Amino acid sequence: MTEFADPLWPHDGPPPVPIPRPGVPFTEEELEYFKRSDEAHKTQSPSTRDPRICVCGHPARAHTDFSLSETQRGLREMGRYICQPSRQICPCKAFHEVLRVEDTRTFRFQTKGPLNAHALFQGAKRSAENGHEIEWSEGVVCGICARPRDTEMPVYPVALKAPPNGGISQRATPFNRLLCWACYTRVLAGELTGHERF
Ligand SMILES: [Zn+2]
Ligand SMILES: [Zn+2]
Ligand SMILES: [Zn+2]
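All figures in this text were calculated on a predicted structure; none of them were measured in a lab.

## Some words on the overall build of the chain
Reasoning step 1: Scanning the chain from N- to C-terminus turns up five helices and five strands.
Reasoning step 2: Counted from the first residue to the last, the chain has its helices and strands arranged as α-α-β-α-β-α-β-β-β-α.
Reasoning step 3: Out of the 198 residues in the chain, the part that is buried amounts to 28%.

Structure, rendered in structure tokens:
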């Protein structure tokens, strides 16, 4: 690396960018440098700096409202709304924060049912397995009875079928809610549609 050193950089400053020379393969040192700067870029990327996770199970940055990508910016200007974590498209229509996490990159699952089959649960599980911190956002309540979530009364993610009939969906829908166990069982039994708010 020293042979490419720019005299303007102080010796204790950041390393200079290696200059590719035509026909000369990169040295191990240069390759290592590219790898490191790529990793540094990734850890500083917007997706990891906004810690908020939506009830749909995906990062704020996946939603048109907060995305910095060209395509999503275009859609936002047209008044269109999507949630796009990685290559899949999620039908979520409105960002609703429920978690704050250390690393949002594990929140890319697809909802395949309620509770542990929901994208939010899957993402949180993977995050915990990776040793990353996750915390509930303030003011999380059961989506139906509005009782505040706590350790005594956890809330579970569900995707609901469209109103007015509602009910638990086995696929991703735009209607995601966190429900306490009592409310969840009532929706499952068909006593509630899941869209109620008491
Ligand atoms: Zn969402
Ligand atoms: Zn989503
Ligand atoms: Zn409830």
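## Regarding the pairing of strand β2 (residues 97-101)
Reasoning step 1: Of the pairings in the sheet, the one linking strand β1 (residues 52-54) to β2 comprises three bridges and is antiparallel in character. Across the sheet, Arg52 pairs through a bridge with Arg100, a residue of β2.

## Thoughts on the nonpolar core
One recurring pattern in soluble globular proteins is that nonpolar side chains are buried together.
Reasoning step 1: Cys54, Cys56, Cys142, Leu179 and Cys183 are the most contacted members of the largest nonpolar core, which has 32 residues in total.
Reasoning step 2: Listed by contribution, the elements that provide at least two residues to this core are β1, β2, α4 (119-129), β4 (155-160), β5 (175-180) and α5 (181-188).
Reasoning step 3: Residues in contact with Leu179, not counting those within four places in the same chain, are Cys142, Gly143, Ile144, Val155, Tyr156, Val158, Tyr184 and Val187.

## Topic: the environment of Ala189
Reasoning step 1: Within the element layout of this structure, Ala189 appears in the segment after α5.
Reasoning step 2: The exposed category is assigned to Ala189, around which 8 C-beta atoms lie within 10 Å.
Reasoning step 3: Spatially, the C-alpha atoms of Ala189 and Gly167 are 8.9 Å apart, while their sequence positions differ by 22 residues.

## Topic: unusual backbone geometry
Reasoning step 1: The step from Pro163 to Pro164 runs through a cis peptide bond, and the omega angle for that step is 10 degrees.
Reasoning step 2: For Ala146, which is not glycine, the phi torsion reads 65 degrees and is therefore positive.
Reasoning step 3: Summarising the element assignment, Ala146 is placed in the loop between β3 (134-136) and β4.

## Remarks on the environment of Lys93
Reasoning step 1: By the secondary structure assignment, Lys93 is in the loop between α3 (70-77) and β2.
Reasoning step 2: In sequence terms Lys93 and Arg80 are 13 residues apart; their C-alpha atoms lie 9.4 Å from each other.
Reasoning step 3: Beyond its immediate chain neighbours, meaning those up to four positions away, Lys93 contacts Tyr81 and Pro174.

## Concerning α5
Reasoning step 1: Here α5 has its buried residues at Cys183, Tyr184 and Val187. Across the axial projection of α5, the buried residues extend over an arc of 100 degrees, all falling on one side. For α5, the exposed residues lying more than 90 degrees away from the buried face are Ala182 and Thr185.
Reasoning step 2: Buried-residue contacts for α5 involve β4 and β5.

## What to know about the sheet that holds β2
Reasoning step 1: Spatial ordering of the open sheet is given by β1-β2-β3, a layout of three strands whose pairing is antiparallel. A strand with exactly one partner marks an edge of an open sheet, and here the two such strands are β1 and β3. Strand-to-strand twist in this sheet, taken as the mean axis angle between neighbours without regard to direction, amounts to 35 degrees.
Reasoning step 2: Bridge analysis of β2 against β3 gives three bridges, and the strand direction is antiparallel. By the bridge assignment, Leu99 is partnered in β3 with Trp136.

Conventions we followed
Residues numbered from 1 in each chain as written. Chains lettered and ligands numbered in written order. Predicted model: local features only at pLDDT ≥ 70, side-chain atom pairs only at ≥ 80, totals over all residues. Helix = DSSP H or I, 4+ residues; strand = E, 2+ residues; numbered from the N terminus. Buried ≥ 20, exposed ≤ 12 C-beta atoms within 10 Å, placed from the backbone. Pairing = 2+ DSSP bridges. Core = buried A, V, L, I, M, F, W, Y, C linked by C-beta atoms within 7 Å. Contact = placed C-beta atoms within 7 Å. Arc of directions from axis to C-beta. Axes fitted to C-alpha atoms, helices over the stretch in contact; angles between N-to-C directions.

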